[in-house]
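So you can see what is in the structure, the chains are spelled out below.
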Amino acid sequence: MGIDRREFLKGTGKFILLTSAAALAWDSLIAGRPEAAPNYNLQDHWWGFTIDIEKCIGCGSCVRACKTENDVLLEPYYFRTWVERYHVPKGDIEHPEVDSPNGGYDGFPPRYKPGDGSKNFFVPKLCNHCAHSPCTQVCPVGATFDSPDGVILVDKTYCIGCRYCVQACPYGCRFIDPRTMTVDKCSLCYHRITKGLTTACCETCPTGARMLGDLKNPKDPIHEFLRTHKVQVLKPQMATGAKAYYNGLDGSVR
Amino acid sequence: MESLIHGVEGFMYPNEIELQWSILIVLYPYITGLVAGAFILASLERVFKVEEVRPTYRLALLTALAFLLVAPLPLQLHLGHPERAFEMFLTPHTTSAMAMFGFVYLWYLMVVLVVEIWLDYRKEIVLMARRSTGVMRQMYRAMALWSDNISERSLQIDDKVGRFITIVGIPSAFLLHGYVGFIFGSVKANPWWSTTLMPVVFLFSAMVSGIALVMLVYMVASWRRGTPIDMRCLDTIARYLLYTFIIDFALEMLDLVHRIYEADESFKSLDFMVHTQLYVPHIVIQIVLGTILPIALLGLVQLVRLREGIRKGLYATAGLLTLIGIFAMRWNVVIGGQLFSKSFLGYTTYKLDFATREGLLPAIIFLILPFLILWVLVKLLPPWEREEPAA
């Protein structure tokens, strides 16, 4: 009835292997499957974004759509996208007055009188999905990563919540979601764009000021837009390879 | 959170209103700096043969160990998911300064500090194992790794290896704290942090704070034990404190002058901050009380012949001011770097709670804890000059 050493080792080995296999299986069960996008090939896309400041009317539809679509907390400190209102008195681009009440979620109450010699416009902001993103660079565990199609994503099951990436983003596009204590940011509606849809913010923009573009698709209108408009990215001195291109970006915008 | 909005002046990006790194992250460079500084003081004796500081050699090593053990705790408490922290070692992201710091820390703790202390104490541990009985005997035997060999030859080897470890230890200590500086200095998005000088400034301020700490611990320990202070030792430590302090101050002033002269896009915003919210912690506490005053006190001793009692008083005052000043420096870097908007158009405020997860209370506990650990270490491994003859 005695168990010899060989049998014992065999049994223990099997037990350990099977337990870890079961643990792995359980993990993948818990994690769930990624949503199927059978016609989507990562290598065929390189996503960018265009924002036409001259078309933005500050209605805040994009902010509302984003919060609804992506289950972003409604408090005014958590935004995947937001809109800023710039007021540049007498062309003094060094000293703009900027506000963004509730991120533009409720639109903008009138504040400035027409004809006061100032320049006024809205600047929608979102993650720039930088080609050389400083946030990805600093993540200690690689929970935030560049997907091969040019989108900066976060693995929330892996993020340790150290907030280094929040510090590293020059544009203020990241925040910690207090429900999960992990970082959150614009995912470029990845669940939509991989199914051939556009982002929620582009979908709802009434003037077409925001446009998603696939830089790898030669037929995408983004190429025409970039060719025919004088575009600029935010904080070009940061050299982050930002892929959110602005038309009509004033020198006062930061 | 509601009150946060009211603490905002001008315009912040909406996600910036909440501060990300709290007082716990202030403690991290502070405590790590004390470790690096204490170790560098210890190596003065061992490597550079500054015999005068011999009485503090072991005390400095134990101090470094006590603080190093506490250093990662505030970081852990700050994490959103402390249970995932170990991923930093299992799947480190190689371009992340923070991930690589984990390895630098482990290297320093396990390879440098623990091995050096063990080698230095091995003979005593064996002797104590022989002398004691019961549980203590078992513990000391375990600490000696169940070796009983203290032959002349083995001690020679200990000494040789120990010296080698110290020599490796100096660049490691530099690395440890220079790296902490790099974690901040490499964030290009933040002009208050992003400077090449940051690792160097951190390093020298670390040395300053570590030396001041060991000096104070030595004075307090001597007073508690009722043994006279070796004034030759104390004078030497104070002199080294002065030298490193002057270098540290020069570097910080260089950074300041450079910023003022260049006056780049961030300057107006930072300048405003230093003259308002940061005025007391930066100008008053860090620069005047925490740097200029201790340098003046330490310098006075070099210029004028003073009685022993007065010198002790001056050293103690200068040491305390130094520790406060360097803490203020860490505060101004970490908290100050988050008070202004990256749009340079506004400012937020930092509200320090008391008994919350990232409040003042845990911070105070983390500052007391190393002294408790040090107390235990000193009981276990007395760092005082060998009084009894070897058995």
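Right above here is the structure, for reference.
How each quantity is defined
Residues numbered from 1 in each chain as written. Chains lettered and ligands numbered in written order. Predicted model: local features only at pLDDT ≥ 70, side-chain atom pairs only at ≥ 80, totals over all residues. Core = buried A, V, L, I, M, F, W, Y, C linked by C-beta atoms within 7 Å. Buried ≥ 20, exposed ≤ 12 C-beta atoms within 10 Å, placed from the backbone. Helix = DSSP H or I, 4+ residues; strand = E, 2+ residues; numbered from the N terminus. Contact = placed C-beta atoms within 7 Å. Pairing = 2+ DSSP bridges. Axes fitted to C-alpha atoms, helices over the stretch in contact; angles between N-to-C directions.

A. Region of interest: the nonpolar core. Residues and elements named next belong to chain B. Ranked by size, the top nonpolar core spans 169 residues in total, and within it Val35, Ala38, Ala64, Ile211, Val214, Met215 and Leu241 carry the most contacts. With 17 residues, helix α2 (residues 23-46) is the single largest residue contributor to this core. Apart from residues no more than four positions distant in its own chain, valine 214 is found in contact with Ala38, Leu41, Thr56, Leu59, Ala60 and Thr63.

B. Representation of unusual backbone geometry within the structure. The backbone of leucine 188 of chain A shows a phi angle near 55 degrees, a positive value even though the residue is not glycine. Take leucine 188 of chain A: it is sitting in the loop between β8 (182-184) and α5 (190-193). With a phi angle near 55 degrees, tryptophan 146 of chain B is a residue other than glycine that sits in the positive phi range. As for its placement among the helices and strands, tryptophan 146 of chain B is situated in the loop between α7 (134-143) and α8 (152-185).

C. Quick peek at the sheet that holds strand β9 (residues 210-214) of chain A. Residue and element names in this part refer to chain A. Sheet architecture is open: 4 strands sit in the order β9-β1-β11-β10, paired in mixed fashion. Strands with a single pairing partner mark the edges of an open sheet, and in this sheet they are β9 and β10 (231-232). Looking at chain direction, strand β1 (residues 47-52) and β9 are connected through 5 bridges and run antiparallel. Bridge pairing in β9 links glycine 48 to glycine 213.

D. Quick peek at the sheet that holds strand β3 (residues 97-99) of chain A. Residue and element names in this part refer to chain A. The strand order β3-β2-β4 describes an open sheet built from 3 strands, whose pairing is antiparallel. With one partner strand each, in any of the chains shown, β3 and β4 (118-126) form the two edges of the open sheet. Averaged over all pairs of adjacent strands, the angle between strand axes in this sheet comes to 20 degrees, irrespective of strand direction. Summarising the sheet, strand β2 (residues 81-89) and β3 pair through 3 bridges and their orientation is antiparallel. From the neighbouring strand, tyrosine 86 faces β3, where its bridge partner is valine 98. Each of β2 and β4 touches helix α2 (residues 61-69); the most contacted strand, β2, lies at about 160 degrees to it.

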